[in-house]
Amino acid sequence: DEAGAIFLRLRKANRAHGTRVFSLAPYTSRGLRKMGGRLLPTVPGTEATALDAVAENGEVALDTGGIVLVGERLATVPGALSAAVRLAQTTGARLAWVPRRAGDRGALEAGCLPNLFPGGRPVSDASARVDLGAAWGAEKLPDAEGLDADGILDALVEGDLEALVVGGVDPADVAQLHGPGSKKLRKALRNAFVVALEVRASEFTELADVVFPVAPTTDKAGSFVNWEGRVRPFGKVLERPSSLPDVRWLAGIAEGRLQPNDALPAE
């Protein structure tokens with residue numbers, strides 16, 4: 001229901017080819033009804049058990065032509081993603097993860113998770129460390145996982161981290177980890193020297209020590225990776241010499257080439 005393009009594809013497949021659609025959910029949504037889908041009633045939190053039961057349910061036949069689509073909230077249910085993998089392996093169906101926002105798939109492939117290298121390969125993979133080290137000219141890469149969002153906040157609160165670079169993070173998503181208007185988030189940001197790369201004012205810019213105004217998508221060329229892994233490039237629409245993309249700011253920070261007047265002091 002949150003992915004309009006997928007909804008339209010499934011509705012068309014159902015109407016034109018009789019494709020069967022099943023949904024594990026507590027109730028029938030409008031979208032499921034419009035695409036002729038069938039509800040498999042599932043109590044929230046029991047999705048893992050329900051997925052294991054699907055493989056044994058003769059009425060829900062999956063084969064090599066089937067596709068198991070899972071959303072990002074399934075990761076909040078212990079064992080559910082593993083159950084989805086087992087279902088795909090048992091039935092021969094394909095498995096696809098559908099994130100809610102543009103760029104999530106690209107972020108995974110860029111190595112933004114604490115247990116991934118760029119390319120989406122795990123940090124525990126020795127061959128991945130060798131290949132990436134050769135590409136970067138680095139002799140040794142870490143084999144231990146980094147910190148996730150919870151870990152970063154804890155380290156800031158406890159004083160283990162003294163500086164933080166924030167870019168493209170929605171404060172509402174972080175606050176959901178500890179409740180809306182989280183006091184922990186504000187305390188963590190106050191404990192560190194915060195550099196924010198943002199296109200608009202946010203809770204991070206309010207508490208940041210330095211704010212670098214980065215170029216929005218209209219002022220730069222780039223690409224998104226959609227949920228299918230397809231690269232979708234886009235071109236620059238507006239020409240603004242003073243509007244710098246994120247990578248230029250990050251390169252300047254790394255090389256120490258930024259001047260004090262390049263940034264906007266946080267108020």
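Everything below is about the structure shown above.
Criteria and thresholds
- In this convention, every chain numbers its residues from 1, walking through the sequence in written order.
- Predicted model: local features are reported for residues with pLDDT of at least 70 only, side-chain atom pairs are reported and counted for 80 or more only, and whole-chain, interface and lining totals are derived from all residues.
- Neither water nor hydrogens contribute to the side-chain values; these are computed over all heavy atoms in the structure.
- To qualify as a helix, a DSSP run of H or I must reach at least 4 residues; to qualify as a strand, a run of E must reach at least 2; elements of each kind are numbered from the N terminus.
- Only protein chains enter the accessibility calculation, which uses a 1.4 Å probe. A residue is then buried if its area is under 20% of the maximum for its type, exposed if over 50%, and partly exposed in between.
- Any two residues whose heavy atoms approach within 4.5 Å are treated as being in contact.
- Areas reported here follow the Shrake-Rupley algorithm with a probe of radius 1.4 Å; residue values treat only the protein chains shown as occluding.
- Note on method: axes are straight lines fitted to C-alpha atoms, helices fitted across the in-contact stretch only, with angles between N-to-C directions ranging 0 to 180 degrees.
- An angle below 35 degrees is treated as roughly parallel, one above 145 as roughly antiparallel, one from 65 to 115 as roughly perpendicular, and anything else as oblique.
- Residues are sorted three ways: Asp, Glu, Lys and Arg are charged, Ala, Val, Leu, Ile, Met, Phe, Trp, Tyr, Cys and Pro are nonpolar, and all the rest, Gly among them, are polar.
- Left-handed describes a crossing whose near helix is turned anticlockwise from the far helix through less than a right angle; right-handed describes the clockwise counterpart.

## Describing the overall build of the protein
Helix and strand counts for the protein stand at 11 helices and 10 strands. Going through the 267 residues of the protein one by one, you find that 30% of them count as buried. Taking the contacts inside the protein whose residues are at least 6 apart along the sequence as the reference set, 52% of them involve residues at least 24 apart. Counting only carbon and sulfur atoms, one obtains 54% of the accessible surface of the protein, whose full area is about 16800 Å².

## Re the packing of helix H3 (residues 47-56) against helix H4 (residues 80-91)
In contact at an axis separation of 8 Å, H3 and H4 are set at 5 degrees when each is read in the N-to-C sense. With respect to each other, H3 and H4 are oriented roughly parallel. Mapping the contact onto sequence places Glu47, Ala48, Leu51, Asp52, Val54 and Ala55 in H3 and Ala80, Ala83, Ala84, Arg86, Leu87 and Thr90 in H4. Class assignment of the residues belonging to the contact of H3 with H4 gives a composition of 8 nonpolar, 1 polar and 3 charged.

## Brief notes about the packing of helix H7 (residues 149-158) against helix H9 (residues 183-190)
Two numbers describe how H7 lies on H9: the axes approach to 8 Å, and their chain directions differ by 60 degrees. Accordingly, the angle class assigned to the pair H7 and H9 is oblique. As H7 packs across H9, the resulting crossing turns out to be left-handed. Here Leu153, Asp154, Leu156 and Val157 of H7 lie close against H9, whose contacting residues are Lys184, Leu185, Lys187 and Ala188.

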